[in-house]
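Spelled out from the first residue to the last, the chains are:
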Amino acid sequence: NGTLGEVWDDEMSSTMLGQRLRKVVQNYQAMNKYGVQFPDAGAGVRHPKRSGPELLCQLRDTVSIVTLTPDMEPFARFPWATQLPARPLSMEVGPFKTCAVVSSAGSMKNSGLGREIDAHDAVVRFNAAPTTGFEKDVGSKTTIRLINSQVMASEDHRFLSSSLYSTGILVGWDPAPYSSDLSEWYNKTDYPIFQQYQRYRRLHPQQPFYILHPRVEWQLWNRIQENMAEPIQKNPPSSGLLGTVLMMSLCEVVHVYEFLPSRRKTELCHYYQRFIDAACTLGAYHPLLYEKNLVKRMNQGLNRDIYTHGRVTLPGYSTFNC
Ligand code: C5P
């Protein structure tokens, strides 16, 4: 038809993936490394498909953004707990009017979205995503950087020394056991998040650095599974969705860029690397396909904005009634 190309279909299913990715998804679905206990889709009573506003209300009611504070056990017993921020993120940061969530997708490249992104009151970026040299496409403002424990622990990323991480507020997270029990997690982190956290804080004591309570990732996972017709990967959601929900709790309006791919859709994994893999956009470890279905259903912007700008519009938690 030539006027508007296809945008993300909110009923994407693993059956639409290629054979290789479908296998990977099935393996993670069966593996259950984190001990997820939740009725598989189809096993219980199937809820009729929720509308966008219903999903938004459900998210706000059941996913609360909590960060670790020094009073929480078992941390309260450790001398280093004083390195944790005294008050939770939600009490120290925001509220903001407009926020931009910048996915790291290859389709950010040549988007020319930099100026639009920087016009927001707060901008969230992920992991090792740079701005230097990519300002025209991704902007230069970084208010919050959400980083996973793998990046925090990896030698390649030079987390402790690279200036990439030195601007904005850092928020770290780690895939925890499904129980979200802090002691259990402390003894069984996916990567050494606490060791790296302590080192980073000693080197950069002035930079605000929070750690996400693992309950956030699994509360969010529950909502994804509950609203999908098929079993999803039993692994935590991607940084992109965590950051989106984080900003919905801090902002009046959230624009998410290239989480739902625009007309620039590409198999290039990241805008800042020459690595090609469709799994980056469609998911392998993370239930990314289903995260995108959920975001598509909650989108309040136009399909046209997705197509041209890769832009989704979500309302902040403070702005809607349920
Ligand atoms: O790869 P990384 O997790 O650092 O990227 C940040 C986020 O951007 C991902 O968690 C995912 O939500 C999103 N992303 C995407 N498509 C890509 C690459 C990243 O949706 N091709």
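Relevant structure appears above.
Just so we're clear, the structure is a prediction, and the values are computed from it rather than from any experiment. Position numbers for residues start from 1 in each chain and track the written sequence from start to end. Note on the predicted model: pLDDT of at least 70 is required for a residue's local features to be given, and 80 or more for side-chain atom pairs to be given and counted; whole-chain, interface and lining totals, by contrast, use all residues. With hydrogens and water set aside, each side-chain value is computed from the structure's full complement of heavy atoms.

Enquirer: Is there a simple way to think about the layout of surface pockets in this case?
Expert: Estimates place the volume of the largest pocket at around 1100 Å³. Those elements giving two or more residues to the lining of the largest pocket turn out to be helix H6 (149-153), helix H10 (239-248), helix H11 (279-282) and helix H12 (288-298). Under this grouping Gly is polar, as are all residues other than the nonpolar Ala, Val, Leu, Ile, Met, Phe, Trp, Tyr, Cys and Pro and the charged Asp, Glu, Lys and Arg. Considering only residue class, the lining of the largest pocket consists of 17 nonpolar, 16 polar and 5 charged. Space inside and on the surface of the protein is sampled on a 1 Å grid over the protein atoms alone, with a cavity defined as a set of points where a 1.4 Å probe fits but cannot get out and a pocket as an open set with protein on both sides within 12 Å along at least 5 of 7 lines; lining residues have an atom within 4 Å of a point. Grid points are joined across faces, edges and corners, and a volume is the space filled by probe spheres set on the points. The way it works is that DSSP assigns letters per residue, a run of H or I at least four long becomes a helix, a run of E at least two long becomes a strand, and they are numbered from the N terminus.

Enquirer: I tried to follow the site of the ligand on my own but got confused; where do I start?
Expert: Within the structure, the ligand sits among 15 residues, and Asn127, Ser238, His270, Thr281 and Lys292 are positioned closest to it. Here a polar contact is taken to be a pair of N or O atoms separated by no more than 3.5 Å, where protein atoms must pair a possible hydrogen donor with a possible acceptor and residues adjacent in sequence count only if both atoms sit in side chains. One of the backbone nitrogen or oxygen atoms of Ser104 is found 3.4 Å away from an oxygen atom of the ligand. In the model, an oxygen atom of the ligand is placed 2.8 Å from a nitrogen or oxygen of the Lys292 side chain. Only the protein chains shown count as cover for residues, and the accessible areas themselves come from Shrake-Rupley with a 1.4 Å probe. Expressed as a share of its isolated accessible area of 440 Å², the protein-covered part of the ligand is 90%. Pocket occupancy is defined atom-wise: a molecule lies in a cavity or pocket when more than half of its atoms are within 2 Å of its grid points. Of all the cavities here, the one that holds the ligand is the largest pocket. Among the secondary structure elements, those contributing two or more residues to the shell around the ligand are H10, H11 and H12. In the shell around the ligand, the residues fall into 6 nonpolar, 8 polar and 1 charged. We call a residue near a molecule or strand when any one of its heavy atoms sits within 4 Å of it.

Enquirer: Help me out: how do you make sense of the sheet that holds strand S5 (residues 209-211) in this one?
Expert: Strand pairing within a sheet occurs via backbone hydrogen bonds; the two strands may be parallel or antiparallel. What the 7 strands build is an open sheet, ordered S5-S4-S3-S2-S1-S6-S7; its pairing is mixed. Edge positions in the sheet fall to S5 and strand S7 (311-315), since each has one partner strand and no second. Taking each pair of neighbouring strands and ignoring which way they run, the sheet shows an average axis angle of 20°. Any two strands with at least two DSSP bridges between them are considered paired. Bridge count between strand S1 (residues 96-102) and strand S2 (residues 122-126): 3 bridges; the pairing is parallel. Bridged to Val101 within S2 is Val124. To define axes, lines are fitted to C-alpha atoms, for helices over the stretch in contact only, and angles between the resulting N-to-C directions are given on a 0 to 180 degree scale.

Enquirer: Before we go on, may I ask you to explain the state of the cysteines in this structure?
Expert: Formally, a disulfide is one covalent bond, and it connects the sulfur atom of one cysteine to the sulfur atom of another. Here, the term disulfide refers to a pair of cysteine sulfur atoms separated by no more than 2.5 Å. In this structure the tally under the stated criterion is 3 disulfides. There is a disulfide in this structure between Cys99 and Cys251, and the S-S distance comes to 1.9 Å. Here Cys99 and Cys251 share a disulfide; its torsion about the S-S bond, -85°, makes the bridge left-handed. With Cys99 in strand S1 and Cys251 in strand S6 (residues 251-257), this pair connects stretches of sequence that are 152 residues apart.

Enquirer: So what exactly am I meant to see when it comes to the packing of helix H2 (residues 52-62) against H12 here?
Expert: In a pair of packed helices, the angle between the axes and the distance between the axes together describe the arrangement. Between H2 and H12, the shortest axis-to-axis distance is 7 Å and the interhelical angle comes to 115°. Classified by the angle their axes make, H2 and H12 are roughly perpendicular. Along its contact with H2, which presents Gly52, Leu55, Leu56 and Leu59, the element H12 presents Leu294, Arg297 and Met298. Roughly parallel here means an angle under 35 degrees, roughly antiparallel means over 145, roughly perpendicular means 65 to 115, and every remaining angle is called oblique. It only takes one pair of heavy atoms within 4.5 Å for two residues to be counted as in contact.

Enquirer: Would you mind showing me how to read the pattern of salt bridges here?
Expert: Any two side chains of opposite charge can pair, on the condition that their charged atoms come close. The working definition used for a salt bridge is a side-chain nitrogen of Lys or Arg within 4 Å of a carboxyl oxygen of Asp or Glu. What the rule picks out here adds up to 10 salt bridges. Its salt-bridge partner being Asp10, residue Lys49 comes within 3.2 Å of it at the nearest N-O pair. Highlighted residues: Lys49 in the loop between helix H1 (19-31) and H2 and Asp10 in the segment before H1, separated in sequence by 39 residues. Asp10 gets classed as buried once you look at its relative accessible area, which sits at 19%. The partner of Asp305 in a salt bridge is Arg311, with the nearest N and O atoms 3.4 Å apart. Here's how the labels work: a residue is buried when its accessible area is under 20% of the maximum for its type, exposed when over 50%, partly exposed in between, all with a 1.4 Å probe on protein chains only. Given a relative accessible area of 15%, Arg311 falls into the buried group.

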